[in-house]
Amino acid sequence: MLSGLHRESDLIPPSVWPETLDASTLPCMKQEGTQLSPTNQMSSAPIPIAEGDIDKKPRKRTDEEDEANQLLPSSPDSHSLAWDPEPAFESSEKISVFEMEVLGPIDPDVVPPFSWNKLWLFTGPGFLMSIAFLDPGNLEGDLQAGAIAGYSLLWLLMWATLMGLLLQMLSARLGVATGRHLAELCREEYPKWARLVLWAMAEVTLIAADIQEVIGSAIGIWVLSHGAVPLWGGVVITASDCFMFLFLESYGVRKLEAVFAVLISTMALTFAGMFAATKPSGTELLTGLLIPRLSSNTIRQAVGVVGCVITPHNVFLHSALVQSREVDHGSKGRVQEALNYYSIESSIALVVMFTINLLVTSVFAKGFYGSEEAQSIGLANAGQYLQKKYDGGYFPILYIWGIGLLAAGQSSTITGTYAGQFIMGGFLNLPIKKWLRSTISRSLAIVPTIIVAVAFNTSNASLDILNEWLNVLQCIQIPFALIPLLTLVSKEQLMGSFTISPLLQKVAWSVAALLITINGYLLLDFFISEVKGVLVGLVVCTVTAAYVSFIVYLLHYGGVLPSSWISLVSSKFLRSHY
């Protein structure tokens, strides 16, 4: 119908087209200087205008239309590019969801009845997303929480997983309702300088997460080979394996999802086997799960449990993965149906991951809580401690731990590469092939990882210090993933009828504020203990001021902080200091 504007109109969901893109607004957009790509200009056809409208002046646009049209690129400086943005998945790559049980006309506003077959077809993206909840960083957080705090933090693990589920469901909602993923929408919504800062922060955090994941996988190889394969050798093997698995994507999304299903099953079986071998107390487990307890000695582990669950690049990833299914965005019923199935699938996936995390924490709580080894246990030596404590019978527990750790590392490195591909493509919209983007994003992580592996080798103390710094880098990024997500998913001009309710907005922003505060505490605690010297402290304070200023800018840009509030705070600050 609007052949010359089909790419730009994708920015506005079908539910609000009648109010924002009617025939009377098109002349206004032309007067505003909307830039169309060369492809769209060649394919555009004259729009029929009623005879009585030829002499009419364009009507004045309403405030709602002005705000909606701000999402449309109006100049090269407003993100208009010479090439169309590449979708997360091509049409030929998407999985078709067939409607087999309904005969006759289908009401586009009615959600079809539940179907187990459809749930199976929609199953996949949520499980890929859930792998970030069980990467090597999470495993280290689990084992340290169990060894130092026992069963007392299981309740916090459960609530942190629920908070993560809420944020991931909002990420999926954004991707399904708009047909674009979070990185793409950040490129279209924010000014150039702001989106470049967001991209840089996302890349740095992705590299930090990737180093943890690759090192964890390399430790698994080192454990299984009895130290014959050095850490740097395991890094090289992990990198090559990752490319091999990504090659499966050319055979279809379902084949790649099947590989992840095998890896998740491997983790579940190995860690369940460890749980069965160690026989933790069921009573203490239920008590730790249902009764909140927190002491001053376990605050750092508590913060680590929450921080490990929320992975910034995973928020970007999930909004892209949900687009692997074909959804009719012209039908509200079909979009809502997809959201329902993705919610069910994501919930099941995170229940599985929570259960595995619970098993790992319980194993180390049973074996090492209150022992001398509790303070020194980590990924590199956990297998040896387990072997010394439990032996393992016919199949040593050392190997069970190594297999589970290797599966966690391999699966998380693949999803990390996936996320890097979408983040780079969405923020920069570079006219390069997906495989080349994957190679670039993978190389950005592998090169520093090999350097780290050679420098730190398998020194437990050195790896623990490295892990703390990597956790800091990931904590820094959390506001720059959550604030854009909540801003966009609350924007009615973008989401249409799928905008989250005011109540859900309050809940989501409260969760985000809690997570940002917790991670802020972790950052403060880390810098107080690690930063030494006046010069270094001055640099940290300067960077922190810029960091907080950018967070305030994002909140103000999204309408969360009104200008009057910022002016009031600024004036009070100036009066108190001058």
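Everything below is about the structure shown above.
Residues numbered from 1 in each chain as written. Predicted model: local features only at pLDDT ≥ 70, side-chain atom pairs only at ≥ 80, totals over all residues. Heavy atoms only, no water.

A. Main features of the side chain of E337. Take E337: it is sitting in helix α17 (residues 332-368). Separated by 2.5 Å, the side chains of E337 and K118 make a polar contact. (Helix = DSSP H or I, 4+ residues; strand = E, 2+ residues; numbered from the N terminus. Polar contact = N/O pair within 3.5 Å; in protein donor to acceptor, adjacent residues only side chain to side chain.)

B. Expanded view of the nonpolar core. Counting 145 residues, the largest nonpolar core has I215, I219, M274, F364 and W401 as the members making the most contacts within it. With residues up to four places along the chain from it excluded, the contact list for I219 reads L231, L379, A380, L405 and L463. (Core = buried A, V, L, I, M, F, W, Y, C linked by side-chain atoms within 4.5 Å. Buried < 20%, exposed > 50% of the residue type's maximum accessible area, 1.4 Å probe, protein only. Contact = heavy atoms within 4.5 Å.)

C. Region of the structure containing the packing of aromatic side chains. Using the criterion set out here, one finds 17 aromatic pairs in the structure. Measuring from ring centre to ring centre gives 6.1 Å for F368 and Y385, while their planes differ by 55°; the resulting arrangement is tilted. In this pair, F368 sits in helix α17 while Y385 sits in helix α18 (residues 379-390), placing the two residues 17 residues apart along the sequence. When its relative accessible area of 3% is taken as the criterion, F368 is described as buried. Taken together, the ring pairs connect Y190, W193, F480, Y547, F550, Y553 and Y557 into an aromatic cluster. (Phe/Tyr/Trp six-rings, centres within 6.5 Å; stacked < 30°, edge-to-face > 60°.)

D. Region of interest: the packing of helix α9 (residues 154-178) against helix α15 (residues 299-309). Where α9 contacts α15, the axes come no closer than 9 Å and their chain directions differ by 25°. Judged by the inter-axis angle, α9 sits roughly parallel to α15. Between α9 and α15 the crossing geometry is right-handed. Residue-level inspection shows L156, L157, A160 and T161 of α9 in contact with α15, the latter providing A302, V305, V306 and V309. Class assignment for the residues of the contact of α9 with α15 results in seven nonpolar, one polar and no charged. (Axes fitted to C-alpha atoms, helices over the stretch in contact; angles between N-to-C directions. Parallel < 35°, antiparallel > 145°, perpendicular 65-115°, else oblique. Left-handed = near helix turned anticlockwise from the far one by under 90°. Nonpolar A, V, L, I, M, F, W, Y, C, P; charged D, E, K, R; others polar.)

E. Seen up close, the pattern of salt bridges. The full count for this structure, using the stated rule, is seven salt bridges. When the shortest N-O distance is used, the salt bridge between R325 and E257 registers 2.8 Å. Taken together, the residues R325 in the loop between α16 (312-321) and α17 and E257 in helix α13 (residues 253-278) connect sequence positions 68 residues apart. Each member of the pair, R325 as well as E257, carries the same accessibility label: buried. Taken together, the salt bridges that share partners define one network made up of K118, R334 and E337. (Salt bridge = Lys/Arg side-chain N within 4 Å of Asp/Glu carboxyl O.)

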